[in-house]
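Residues per chain, in single letters:
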Amino acid sequence: MSAKKVKISVKVNGVQRTTEVEPRLLLVHYLRDVLDLTGTHVGCDTTQCGACTVMLNDEAVKSCTVLAVQADGGEVTTVEGLGSMEQLHPIQEGFWEKHGLQCGFCTPGVMMATMGLLQENPEPTEKEIREGLKGVICRCTGYQYIVSAIQDAAQRMAEAKREEKVGTLHTGGGK
Amino acid sequence: MASMIGTRIKRKEDPKLITGNGNFTDDIKLPGMLYAAFLRSTHAHARIKRIDVSQAVKHPGVVAIYTGGDLVGRMKSVPTSWYVPGCNLKAKDRSPLAVDKVLYVGEGVAMVVAEDRYAAYDALDAIEVEYEELKAVTGQEAALKDGAPLVHEDVENNLAFLWKAGEVPDEAFANAEVVVRERYYEQRVVPNPMETRAAVAQYNSGSGDMTMWCTSQNPHIHRMVYAEVLDIPESKLRIIAPDVGGGFGAKIGVYADEAVVAYAARHLKRPVKWMEDRKEHFMATNHARDEVIEVELAGKRDGTMTALRVRNIANMGAYLSTMGAGVPTICFGLMVTGAYAIPQAAVEVYGVYTNTTPTDAYRGAGKPESAYQIERAVDAFAREIGMDPVEIRRKNFIPKEKFPYDTAMAVTYDSGDYMLTLDKALEMANYEDLRREQEELRKQGRYLGIGLSTYVELCGLGPSKVAGAIGLQFGQWENATVRVHPSGKVIVLTGASPHGQGEDTTFAQVVADKLGVPLEDIEVLHGDTQMIPMGWGTYGSRTTPVGGAAVAIAAERVTEKAKKIAAHELEVSIEDLEFSDGVFQVKGVPGHQRTFQEIARSANMAWNLPEGMEPALEAQSFFDPSNFVYPFGAHICVVEVDSNTGQIELKRYIAVDDVGRVINPMIAEGQVHGGLAQGIGQALWEGAVYGENGQLVSGTFMDYTMPKADFFPVLETVFTETPSPVNPLGAKGVGETGTTASPPAVVNAVLDALRPFGITHLDMPLTPEKVWKAMQKGRKEA
Ligand code: FES
Ligand code: FES
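Note that the structure is predicted; figures quoted are calculated from it, not measured.

*Asks:* Would you mind going over the overall build of chain A with me for this structure?
*Replies:* Counting its regular elements, chain A contains six helices and five strands. In terms of overall size, chain A behaves like a compact globule, its C-alpha atoms giving a radius of gyration of 17 Å where 175 residues would be expected to give roughly 16 Å. Overall, chain A is about 55 × 45 × 25 Å in size when its C-alpha atoms are taken along their principal axes. Counting every position in chain A, which comprises 175 residues, the buried fraction comes to 54%. Intrachain contacts of chain A at a sequence separation of at least 6 include 55% that bridge at least 24 residues. Element-wise, carbon and sulfur atoms account for 49% of the exposed surface of chain A, whose accessible area totals about 7,900 Å². Averaging the coordinates of the 18 positive side-chain charges in chain A and doing the same for the 22 negative ones gives two points 3 Å apart.

What follows is the structure, given as structure tokens:
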């Protein structure tokens, strides 16, 4: 039985969205069905696979286990907000470069999980990456090239950071 | 331009997938679209006494509810598609939704159609079904026994078929110096692509056109069968497989669910979508393996193997699914002798109905089971006569000079060099050192194990004539069109329908090589029966050796025509032209040339074509190979077993595969990695388990262990290249090598580690508990 709808306001990929939703609506369905952001996928019903991973308030979460109403007032980044063809995010570049995907179904979630992983540990070892991927299942790649992709992404992100710093010095101050 | 074949090139299909622009079936949204959900049987075997939907239909948002009875006479049943000959096969067509009886947990009983996903699920809970539970049987050996519950009342002893091939006289065993007898259980597994099944159907009641988007490995097969089930002319049914999130065999099958969704769309005149949830997938999508395999291997004390007899009791589930009967018979049975020159062999296969989810193809389909039994038996034989597992393989390999080789099972292996892959693997592993290390560690009470698997596979299905002869209801050629636009940009249309294998890139590489045009100028399209009228799809590692070969032939035809036009324009004979890097050059006359792009324009403008030539630059090929292809290789697995916990640590995994010519090594490696993860997954962790009364107790990712990243070491994968003579690319199949080779390599390794405990056999999956218990029982020599 559908309950009374509630109004929520969430900043998704930088855009403020205000919608009325059923209180039981899962964040993943809110993103996919209400906002038409279908990059985030559903692979299970039990919070095991990680296909639905997004960033919520700067933390990687499985959006199949979060209610849309819990995101009210918060900020969500999905794969669509990670980067674009014009400007791929280093994580996306890493996955492309190192063949970190095959069917690509798990990939958006795996990349968002990578985001969470690299935020916590910008220079993970191979072992740390594998452990960091505990919450995701990929049936295609055998993980090896996902690990390479994440190593590659970590390097790119570190470089980008260095360049940013250099830029800051040259212009004589940051924001 | 250097040859594109053999080059690591980043995938063309990736940009959309990494930016969230993929288009999977569940991403499709149509105006007025409804949402479907299935009510599935909670019993393994029961009579349906009453279904009451009266409360459910009152739920807000519910548009319609269909039960099995509602569909009788309106839809045809879903047939099996592999009528293996000579085995008195008793196929049972299944009705789209169960009518009087349910035969397994997860069988569809009713479908709700509602305005949205949540409303559909709400209504499911309100459907009342009264069942009269019947005795169920889930194990194939139990099902064969007299007095076992009958899954189909008129199928005696639940025997769906009995298939026999090959012959070995009893003397071959009676007089043999050595005979080993082994019994293996190849456990039931669930393919589990990350995208579950899904369908969206749209019907135009004006034109009668039905469009179905669905998760398919072979849209043309789905079109052929659904046209019949729905009674729609094939010409009015369009199947689109958009991006597909993995298949592994599970999306070959023609299931009833998608057809019921289409039926509802036609009936309600509104688009309908259904996406299977994971729990549902575990119950309702085909399972695989589940075979009890008995092997008898005879030979001499010197290690020569002389005869092989194999019996397979295969659990087919409650129905023979699409490819079901072919898997344990043709796919398994013809490959039982593996890489060895065993002169005599015989196989018998019992296909048994049980109250379980039907089984069908899963990555490797039959070949992993076959490789498992022979590779385990060869190790058992070596152990029996005290020979090293490497030596016994060397002694019995089919020698390189003997190819093409006719095996005792009457198939002809196309090409091979088995010693090459084995030597390479041993070298990579430092085999001798490993054996020494094993000795050393044993003295310290540590248990290292080294396992070998040297396999041959049958793939690249395959000659259509053979397909017909073995009862498969499909052709096995592949279709490709290469179309050149006036600008010189190229479209490749392929009937192969990939779902992660990277064909957009490998096929483009093949075409770039032939036409000398840049990769960016080539688009590979697939997965739409309207755009590509004919084809058979992607399964059984047939895409490159059959589909890719068709692409190469079509591209070659385009080149030939372009050359004729260039010769005409340059007023020279064809022999005076050479074509390289996309330029037709008059030999010895610099500057006298035409680029491929110029010819593309000429061909399409048609202002000045040779007399009698038709305009445009396009060619098609329907390639039907002369034989299957037989990839092979040698894998070595190194494990350490913790004697306190039974925990198995994978220390190294070395795979040397020969898949003929490799088009894109990066993509091929990815295929090997993925296959290994699934094969190793089966060896160590995966297993579908039925409990009492036929309940599926491993029905979610919480109780079915899927391999994760931290389960694996770095996989060491290498290719050797022995081209196949049966297709112009020289390619064999790569997708299934890892799944086929790894289970025996891993199990042989673990058993090698457990030798001091006197353990010679354990069934997969080798869970720590199972290993620990065996060690407790076993004696320790050390
Ligand atoms: S869909 Fe969220 S974890 Fe699987
Ligand atoms: S790429 Fe297919 S599931 Fe990960």
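*Asks:* Any chance you could explain the UniProt feature "domain: Aldehyde oxidase/xanthine dehydrogenase a/b hammerhead" (unreviewed entry) in chain B here in plain terms?
*Replies:* Within the UniProt annotation, "domain: Aldehyde oxidase/xanthine dehydrogenase a/b hammerhead" (unreviewed entry) is assigned to residues 19-135 of chain B. End C-alpha to end C-alpha, residues 19-135 of chain B measures 51 Å, and it is 11% helix and 30% strand.

*Asks:* Looking at this structure, I do not really get helix α6 (residues 219-230) of chain B. What am I missing?
*Replies:* The periodicity of an α-helix, 3.6 residues per turn, causes residues three or four positions apart to be oriented the same way. Residues and elements named next belong to chain B. Between its first and last C-alpha atoms α6 spans 15 Å; for twelve residues at 1.5 Å apiece the expected length is 16 Å, and the two agree. With ten of twelve residues buried, α6 lies mostly within the body of the structure. Three or more residues of α6 are buried, namely Pro-219, His-220, Ile-221, His-222, Arg-223, Val-225, Tyr-226, Ala-227, Val-229 and Leu-230. In this structure, the buried residues of α6 make contact with β10 (209-214), β11 (237-240) and α7 (256-268). In the segment just after α6, Asp-231 is the residue with positive phi, at about 55°.

*Asks:* Hey, could you run me through the interface of chain B and chain A in this one?
*Replies:* One frequent convention defines the size of an interface as the accessible area lost when the parts assemble. Each partner contributes to the interface: chain B provides 57 residues, whereas chain A provides 52 residues. Around 4,800 Å² of area is buried between chain B and chain A when both sides are counted, 57% of it from carbon and sulfur atoms. When the area that chain B buries against chain A is broken down by residue, the three leading residues are Ile-18, Tyr-118 and Met-194 of chain B, summing to 17%. Counting every contact that joins chain B to chain A gives eight salt bridges. Measuring nitrogen to oxygen at the nearest pair gives 2.9 Å for the salt bridge that ties Asp-122 of chain B to Arg-24 of chain A. Counting across the interface, chain B meets chain A through 28 residue pairs in polar contact (both at pLDDT 80 or more). Counting only elements with at least two residues in the side of chain B that touches chain A, the list comes to α1 (14-18), α3 (117-125), α8 (278-284) and α18 (665-684) of chain B. Ranked by the residues each element gives to the side of chain B that touches chain A, the list is headed by α18 of chain B, at nine residues. Broken down by class, the residue content of the side of chain B that touches chain A amounts to 27 nonpolar, 13 polar and 17 charged.

*Asks:* Just checking my understanding: could you explain the sheet that holds strand β20 (residues 490-494) of chain B for this structure?
*Replies:* All names here are of chain B. Here four strands make up an open sheet; going across it, the order is β21-β20-β19-β25 and the pairing mixed. In the strand order of this sheet, the two ends are held by β21 (522-526) and β25 (617-623), each with one partner. This sheet shows a mean twist of 15° between the axes of neighbouring strands, independent of strand direction. Across seven bridges, strand β19 (residues 478-484) lies against β25 in antiparallel orientation. The residue of β25 that forms the bridge with Glu-478 is Phe-623. Contacting β19, β20 and β21, helix α15 (residues 503-515) runs over the sheet at an angle of about 135° to β21. Strands in contact with helix α17 (residues 596-605) are β19 and β25; relative to β25, the strand with the most contacts, it is inclined by about 95°.

*Asks:* Sorry if this is basic, but what is going on with the sheet that holds strand β5 (residues 108-114) of chain B here?
*Replies:* Picture the strands of a sheet paired through backbone hydrogen bonds; they go either parallel or antiparallel. Residues and elements named next belong to chain B. With mixed pairing, the seven strands of this open sheet are ordered in space as β3-β5-β1-β12-β9-β10-β11. The outermost strands of the open sheet, each flanked by one partner alone, are β3 (62-67) and β11. Put simply, the sheet's adjacent strands are angled 20° from each other on average, direction ignored. Strand direction decides the pairing type here: strand β9 (residues 198-204) and β10, joined by six bridges, are antiparallel. When the sheet's bridge partners are listed, Gln-202 is paired in β10 with Thr-211.

*Asks:* Would you mind going over the domain arrangement of chain B with me for this structure?
*Replies:* All names here are of chain B. In terms of domains, chain B is made up of domain 1 (15-134 + 194-246 + 251-284), domain 2 (291-461 + 627-781) and domain 3 (477-623). Here the C-alpha centroids of domain 1 and domain 3 sit 39 Å apart. Counting residues at the interface gives 16 residues for domain 1 and 15 residues for domain 3. Both faces considered, domain 1 and domain 3 share a buried interface measuring about 1,300 Å² in area, 52% of it formed by carbon and sulfur atoms. Together, Gln-217, His-220 and Arg-238 form the three largest contributors to the area buried by domain 1 at its contact with domain 3, with a combined 42%. Applying the counting rule to domain 1 against domain 3 returns one salt bridge.

*Asks:* Before we go on, may I ask you to explain the nonpolar core in this structure?
*Replies:* One recurring pattern in soluble globular proteins: nonpolar side chains tend to sit buried together. Core analysis: the biggest nonpolar cluster contains 244 residues, and Phe-95 of chain A together with Phe-161, Trp-163, Tyr-413 and Ile-680 of chain B have the highest contact counts within it. Among the elements that line this core, the one with the most residues is α7 of chain B, at eight residues. Leaving out residues up to four positions away in the same chain, Tyr-413 of chain B has contacts with Met-335, Thr-337, Gly-338, Ile-398, Phe-403, Pro-404, Tyr-405, Thr-407, Tyr-418, Val-456 and Tyr-630 of chain B. Counting residues in each nonpolar core, the second largest holds 46 residues, with Ile-522, Val-546, Leu-577 and Leu-617 of chain B among its members.

*Asks:* Mind showing me how you'd approach the side chain of Thr-506 of chain B here?
*Replies:* Mapped onto the elements, Thr-506 of chain B comes out in helix α15. According to the relative accessible area criterion, Thr-506 of chain B is buried, its value standing at 6%.

*Asks:* Explain the packing of aromatic side chains to me, please; I cannot follow it from the model alone.
*Replies:* By convention here, two paired aromatic rings are described through the distance between centres and the angle between planes. Residues and elements named next belong to chain B. Applying the stated rule across the entire model yields 20 aromatic pairs over all chains. A ring pair is formed by Tyr-413 and Tyr-630, whose centres lie 4.8 Å apart and whose planes are at 40°; its orientation type is tilted. Separated by 217 residues along the polypeptide, Tyr-413 in strand β17 (residues 412-413) and Tyr-630 in the loop between β25 and β26 (632-641) bring together distant segments of the chain. We classify Tyr-630 as buried; its relative accessible area is 0%. Plain terms: the ring middles of Phe-628 and Tyr-630 are 6.5 Å apart, the flat faces sit at 85° to each other, and that makes the pair edge-to-face. Note on accessibility: Phe-628 and Tyr-630 belong to one class, buried.

Cut-off values and rules
Residues numbered from 1 in each chain as written. Chains lettered and ligands numbered in written order. Predicted model: local features only at pLDDT ≥ 70, side-chain atom pairs only at ≥ 80, totals over all residues. Heavy atoms only, no water. Helix = DSSP H or I, 4+ residues; strand = E, 2+ residues; numbered from the N terminus. Rg over C-alpha atoms; globule rule 2.2 N^0.38 Å. Buried < 20%, exposed > 50% of the residue type's maximum accessible area, 1.4 Å probe, protein only. Contact = heavy atoms within 4.5 Å. Areas by Shrake-Rupley, 256 points an atom, 1.4 Å probe, with all protein chains shown as cover. Lys, Arg positive; Asp, Glu negative; His and termini not counted. Charge placed at Lys NZ, Arg CZ, Asp CG, Glu CD. UniProt positions renumbered as here; feature names shortened; annotations may be inferred. Expected span 1.5 Å × (residues − 1). Buried area = accessible area lost by both parts, 1.4 Å probe. Salt bridge = Lys/Arg side-chain N within 4 Å of Asp/Glu carboxyl O. Polar contact = N/O pair within 3.5 Å; in protein donor to acceptor, adjacent residues only side chain to side chain. Nonpolar A, V, L, I, M, F, W, Y, C, P; charged D, E, K, R; others polar. Pairing = 2+ DSSP bridges. Axes fitted to C-alpha atoms, helices over the stretch in contact; angles between N-to-C directions. Domains from an automatic or database assignment. Core = buried A, V, L, I, M, F, W, Y, C linked by side-chain atoms within 4.5 Å. Phe/Tyr/Trp six-rings, centres within 6.5 Å; stacked < 30°, edge-to-face > 60°.

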